[in-house]
Amino acid sequence: MSDKYLTVVPILAYCVSSITMTLTNKFVLSGFKFHMAFFVLAIQSFASVGLLVLASKIGGTIKYRPLNQRDMKNWFPVAALQVIMLYTGAKSLQHLNVPLFTVFKNLTIIAVAYGERFVFGNPVTRLMLISFGLMVMSSIVGAFNDITFNLFGYFWMALNCFASASFVIVMRKTISAVNFKDFDTVYYNNSMTLVMFLLLSLISEPWSAFMSFYSMAANSAELKSYIFSNLVSGISAFAISYTSAWCLRTTSSTTYSMVGALNKLPIAIFAMLFFPDPVSFGGILAVIFGFAAGLVYNHAKNSSKKDAPLGQQILPPPASSALKDDEKNYTGKPEN
């Protein structure tokens, strides 16, 4: 098997799983009567843990650190921040269309960059500032051309950007402290968030109305669609975790981060085709600005890595799962 094939396959797998994850989440969180975000995220965490355990039993090559009290205590702040990040991301997707979500998600990169500068002393270069300007411009253009302006969507998006940046920085510090590998992170993230999501779902979501509605024969077709969509969402959650690690392992951090930036455009295009949200010229322009900003930022980030002394270069943390597409966006982390 050629080296080209060995690199193209994981890149394509990563792109397909990322697109599927984002579009499925949007459908599940806004296409049904009940928007049970905690429940959907619990399904994703359960699927990621279950499929990871199954893959380790069948293949034998996938290994992860068993849960233990010391590591769980150290990892708890990361898991708690991930719960906040994924829930606010889910609420954002519920109220905003996917192209706008991808545009505003770029603002997280700015928060991460300045957070890393404050915590780790990482430089913010001139090229990064140019990319930040493009990100802000794309967000302004997107907001002004948002035909169905939704204040709740922007509120949740602002919280998501803050939570995502906090998650990235705390996770990066904790990974080095506990010495986690790729699948250790996947296993701990999803095992711990699964419990949190289930408890939060049982406490805060309308289970009585949910069960009553779907127990009616007239709603059986929607129930089947809901179950199938969540099944696809759960499998996609594991797929994005696995293919992220696969892509990073078989290519490079530069290629991985560049694919993450390039992948925003097909996600936005597919969303425009598959969802009934109105599309404006300004909205398309915002996506293009955001796409360009991602490319410029990744080039700037990778250039700064090459210039950094050996031992101080920053590698992207391993991917976990979730509205997992969030995590791939962070090459300083990271991803939905």
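Residues numbered from 1 in each chain as written. Predicted model: local features only at pLDDT ≥ 70, side-chain atom pairs only at ≥ 80, totals over all residues. Heavy atoms only, no water.

Here's the deal with the overall build of the protein
So, step 1. Secondary structure assignment for the protein yields 13 helices and 0 strands.
So, step 2. When its helices and strands are written in sequence order, the protein yields α-α-α-α-α-α-α-α-α-α-α-α-α.
So, step 3. Here the protein holds 336 residues, and 53% of them are scored as buried.
So, step 4. Split by element, the accessible area of the protein, about 15,000 Å² in all, is 71% carbon and sulfur. (Helix = DSSP H or I, 4+ residues; strand = E, 2+ residues; numbered from the N terminus. Buried < 20%, exposed > 50% of the residue type's maximum accessible area, 1.4 Å probe, protein only. Areas by Shrake-Rupley, 256 points an atom, 1.4 Å probe, with all protein chains shown as cover.)

Things to note about the nonpolar core
So, step 1. Leu52, Trp75, Phe167, Phe197, Phe210, Tyr214 and Tyr226 are the most contacted members of the largest nonpolar core, which has 65 residues in total.
So, step 2. Element by element, the count of residues in this core is highest for helix α7 (residues 151-178), at 11 residues.
So, step 3. In this structure, Phe197 is in contact with Phe38, Leu41, Ala42, Ser45, Val83 and Leu86, ignoring residues within four places of it in sequence.
So, step 4. Judged by nonpolar contacts, the second largest core, of 11 residues, contains Ile109, Val124, Leu134 and Tyr297. (Core = buried A, V, L, I, M, F, W, Y, C linked by side-chain atoms within 4.5 Å. Contact = heavy atoms within 4.5 Å.)

Observations regarding the UniProt feature "transmembrane region" (unreviewed entry) in the protein
So, step 1. UniProt annotation of "transmembrane region" (unreviewed entry) refers to residues 34-54, 127-145, 151-171, 192-214, 226-248, 255-275 and 281-300 when read in the numbering used here.
So, step 2. Taken end to end, residues 192-214 comprises 91% helix and 0% strand; its first and last C-alpha atoms sit 29 Å apart.
So, step 3. Secondary structure across residues 281-300 divides into 100% helix and 0% strand, with the first and last C-alpha atoms of the span separated by 29 Å. (UniProt positions renumbered as here; feature names shortened; annotations may be inferred.)

Notes on a nonpolar patch on the surface
So, step 1. On the surface, Ile269, Phe270, Leu273 and Phe274 cluster together into a nonpolar patch covering about 420 Å² of accessible area.
So, step 2. If you trace the backbone, Phe270 turns up in helix α12 (residues 264-274). (Patch = residues over 30% accessible without salt bridge, like charges linked within 9 Å, V, L, I, M, F, W, Y side chains within 5 Å. Salt bridge = Lys/Arg side-chain N within 4 Å of Asp/Glu carboxyl O.)

What to know about the environment of Cys15
So, step 1. With respect to the element layout, Cys15 can be found in helix α1 (residues 3-30).
So, step 2. In the structure, Cys15 is positioned 247 residues away from Leu262 in sequence and 9.3 Å away in space, judged by C-alpha atoms.
So, step 3. The residues touching Cys15, leaving out its near neighbours within four places in the chain, are Val259 and Asn263.

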